[in-house]
Amino acid sequence: MKIIGRKREKDSLMQSILSKRPEFVVVYGRRRVGKTYLIREYFNNQFSFYATGLSDEKTKGQLRAFNESLNEYGYEDKNAPKDWYDAFARLRSLLEKDNVYRDPVNNKRVIFLDELPWMDTPRSDFKSALDLFWNRWASAQEDIVLIVCGSATSWIIKNLLTDKKGFHNRVTKRIYLAPFSLEECEKLLEYNDIVMTRSQIIESYMVFGGIPHYLNLLDSRLSLAQNINELCFKEYGFLHREYDKLFASLYDKPEKHMAILEALANKRDGLTRVELSQKKEIGGGSVLTKDLRELEECGFIRKFSDIARGDGETFYQVIDPFTLFSINFLKKKRFDSWNEYINTPSYNSWRGNSFEIVCVNHINQIKATLGISGIETNEFAWRSNEAEKGAQIDLIIRRKDGVINLCEMKYTNEEYSLNSEEYKKIENRIAQFQKATDAKEAIHVTLVCGNGYKSGKYSGIVQNVILGDDLFDI
């Protein structure tokens, strides 16, 4: 099999192999994003030891499965360990054998513990035993690479990435596996013999959000609309109930996380932390802080500032396309078939809003097209306080070279062309923006057009045009 993209992640894994010290590598990310696939394919399924946790299994079953993996790698005792201390003592014994498999690149002993959070069952001694295994033995072995991963992000963050006890400062590399970019989606679809135009790939991203597993479910014999209907709207569809499964796999108690997302999905402009805390089903305090951090860590939401208000007040906004799609269309059950919805006015409105999210997830590509990849920038949004003729700009790029790009995102069936009405709206936005922010920089109007751009009578107000094709560049 082929690893699509993941250049940064593959380099990080390579550095762990070339390292002259023991490495504790944590790979995390949402369900179905390809964590296990990346690690297994990168190492060609060749490990000194590999084991995976079992979903909804008690300690006894986890230990039995762990010992079966030990047996597969040459450990002879068929009886299950009495506890996790015994299990990791057996692993150490296995790894100390002369004939243990070593990676051919740098002679490292590579251990891969998949779905690690599932191994930590209630009232088990798993964390203490893993702590002892790493701190007392593995961390003193220069040729050890321990790779752990899991979809239960809250467990990973709490117990490994922000832990102040046994694992504090023990993790040497953390690899967050993000959804695919448009360019990576295109490569995966080509690999699977799925024929789509780039416009259709952008629209597929609005629904599936660049999750490799979701894209792998597409049937090459069907159109995009037919695939969406079969996968999402049919009772037997693989993704019909994925929204609930997704958050149940990520968080022990996902109700508040989902309440946050559903509140944000109903407010396109985003909400502040105070506004979120006022909702009874969400609440405030340290729990809200933790939940927001976890959602941001997994790429479901973004935190941003209003350029006029500064850092004193931050907003949160849902930026995961599949989450927005699921809340708007599957959870609310607005209709029974995607085909009923296509080409309706509300469908075109949804595409316009969703394209803005696509652009937010491809800011690096936008900056590259503008030729400012090497320039320090900050990204903001802005909401006018004017009661009448209010305005908003969802993406503002403030540059260190004295320019502010006001980005207008447009997704239309045909090439986009500015008309008199849109020209006046842009003039109003610029005027209100300058009044509200007292910006001293040069203001560049930047159009991001998903299906092309046609220059016309009113094009003079535009300094930069970015096309849908540009979003596919790395």
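The structure this text deals with has already been given above.
Now for a quick tour of the structure.

Conventions adopted
Residues numbered from 1 in each chain as written. Predicted model: local features only at pLDDT ≥ 70, side-chain atom pairs only at ≥ 80, totals over all residues. Heavy atoms only, no water. Buried < 20%, exposed > 50% of the residue type's maximum accessible area, 1.4 Å probe, protein only. Helix = DSSP H or I, 4+ residues; strand = E, 2+ residues; numbered from the N terminus. Pairing = 2+ DSSP bridges. Salt bridge = Lys/Arg side-chain N within 4 Å of Asp/Glu carboxyl O. Phe/Tyr/Trp six-rings, centres within 6.5 Å; stacked < 30°, edge-to-face > 60°. Axes fitted to C-alpha atoms, helices over the stretch in contact; angles between N-to-C directions. Expected span 1.5 Å × (residues − 1). Contact = heavy atoms within 4.5 Å. Polar contact = N/O pair within 3.5 Å; in protein donor to acceptor, adjacent residues only side chain to side chain. Core = buried A, V, L, I, M, F, W, Y, C linked by side-chain atoms within 4.5 Å.

**Side note on the pairing of strand β8 (residues 314–318)**
At step 1: For β8, a buried count of 4 out of 5 residues is recorded, marking the element as mostly surrounded by other parts of the structure.
At step 2: Alignment of strand β6 (residues 271–272) against β8, held across 2 bridges, turns out to be antiparallel. In the sheet register, Thr272 faces β8, and the bridge partner there is Phe315.
At step 3: Pairing geometry for strand β7 (residues 301–305) and β8, over 5 bridges, is antiparallel. Bridged to Lys303 within β8 is Tyr316.

**Re the pattern of salt bridges**
Where side chains of opposite charge bring their charged atoms close, a pairing between them can arise.
At step 1: The tally for this structure, following the rule as stated, stands at 33 salt bridges.
At step 2: The salt bridge involving Lys187 is made with Glu183; its shortest N-O contact spans 2.9 Å. Pair noted here: Lys187 and Glu183 are both in helix α8 (residues 182–191), with a separation of 4 residues, about one helical turn.
At step 3: Taking the shortest distance from any N to any O, the salt bridge between Arg198 and Asp469 comes out at 3.6 Å. Linking Arg198 in helix α9 (residues 198–208) with Asp469 in the segment after β13 (464–467), this pair joins segments that are 271 residues apart in sequence.
At step 4: Classification of Arg198 by relative accessible area gives partly exposed; the value is 29%.
At step 5: Residue class for Asp469 comes out partly exposed when judged on its relative accessible area of 43%.
At step 6: Taken together, the salt bridges that share partners define one network made up of Glu408, Lys410, Glu421, Glu422, Lys425 and Arg429.

**Remarks on the packing of aromatic side chains**
At step 1: Going through the model one piece at a time under the given rule, you end up with 37 aromatic pairs.
At step 2: Relative to Phe47, the ring of Phe43 lies with its centre 5.7 Å away and its plane at 50 degrees, an arrangement referred to as tilted.
At step 3: Owing to a relative accessible area of 4%, Phe47 belongs among the buried residues under this scheme.
At step 4: Ring centres 5.8 Å apart and planes at 90 degrees place the aromatic pair Tyr341 and Tyr347 in the edge-to-face group. One exposure class covers both Tyr341 and Tyr347, and it is buried.

**Examining the sheet that holds strand β2 (residues 49–52)**
At step 1: Pairing is parallel in the open sheet, where 5 strands are placed in the order β2-β3-β4-β1-β5. Of all strands in the sheet, those with a lone pairing partner are β2 and β5 (173–176), marking the two edges. Neighbour-to-neighbour, the strand axes of the sheet open up by a mean angle of 15 degrees, direction not taken into account.

**Some words on the environment of Asn328**
At step 1: Relative to the helices and strands, Asn328 is located in helix α16 (residues 321–331).
At step 2: With a relative accessible area of 16%, Asn328 lands in the buried category.
At step 3: Through-space distance from the C-alpha of Asn328 to that of Asn266 is 8.6 Å; in sequence the pair is 62 residues apart.

**Structural notes on unusual backbone geometry**
At step 1: Positive phi values are uncommon outside glycine, yet Asn45 reaches one of about 60 degrees.
At step 2: Within the fold, Asn45 resides in the loop between α2 (35–42) and β2.
At step 3: The backbone of Asp438 sits at a positive phi, close to 55 degrees, despite the residue not being glycine.
At step 4: Position of Asp438 relative to the elements: it lies in the loop between α20 (420–437) and β12 (442–449).
At step 5: By relative accessible area, Asp438 is classed as exposed at 52%.

**Some thoughts on the pairing of strand β9 (residues 377–383)**
Look at any regular strand and the pattern is simple: side chains alternate between the two faces of the sheet.
At step 1: Most of β9 is tucked away, with 5 of its 7 residues classed as buried.
At step 2: Sheet topology places β9 next to strand β10 (residues 392–399); 6 bridges connect them, and they run antiparallel. Paired with Thr377 across the bridge in β10 is Arg399.

**Comments concerning α20**
Because an α-helix completes one turn every 3.6 residues, residues spaced three or four positions apart along the sequence face the same direction.
At step 1: In this model, α20 (18 residues) spans 26 Å end to end at C-alpha, consistent with the 26 Å of a helix rising 1.5 Å per residue.
At step 2: For α20, the complete set of buried residues consists of Glu422, Ile426, Arg429, Ile430, Gln432, Phe433 and Thr437.
At step 3: Next to the buried residues of α20 lie β9, β10, β11 (403–410) and β12.
At step 4: Between the side-chain oxygen of the N-cap and the backbone nitrogen of Glu421 there are 3.2 Å, and the N-cap of α20 in question is Asn419.
At step 5: Positive backbone phi, at 55 degrees, marks Asp438, one or two positions downstream of α20.

**Brief notes about the nonpolar core**
At step 1: Formed by 67 residues in total, the largest nonpolar core has its most connected members in Ile147, Phe208, Phe325, Trp338, Trp350, Phe355 and Ile366.
At step 2: In contact with Ile366, other than residues within four places in its own chain, are Cys359, Leu395, Ile397, Val448, Ile466 and Leu471.
At step 3: Counting 38 residues, the second largest nonpolar core, distinct from the first, contains Ala87, Leu116, Leu160 and Tyr176.

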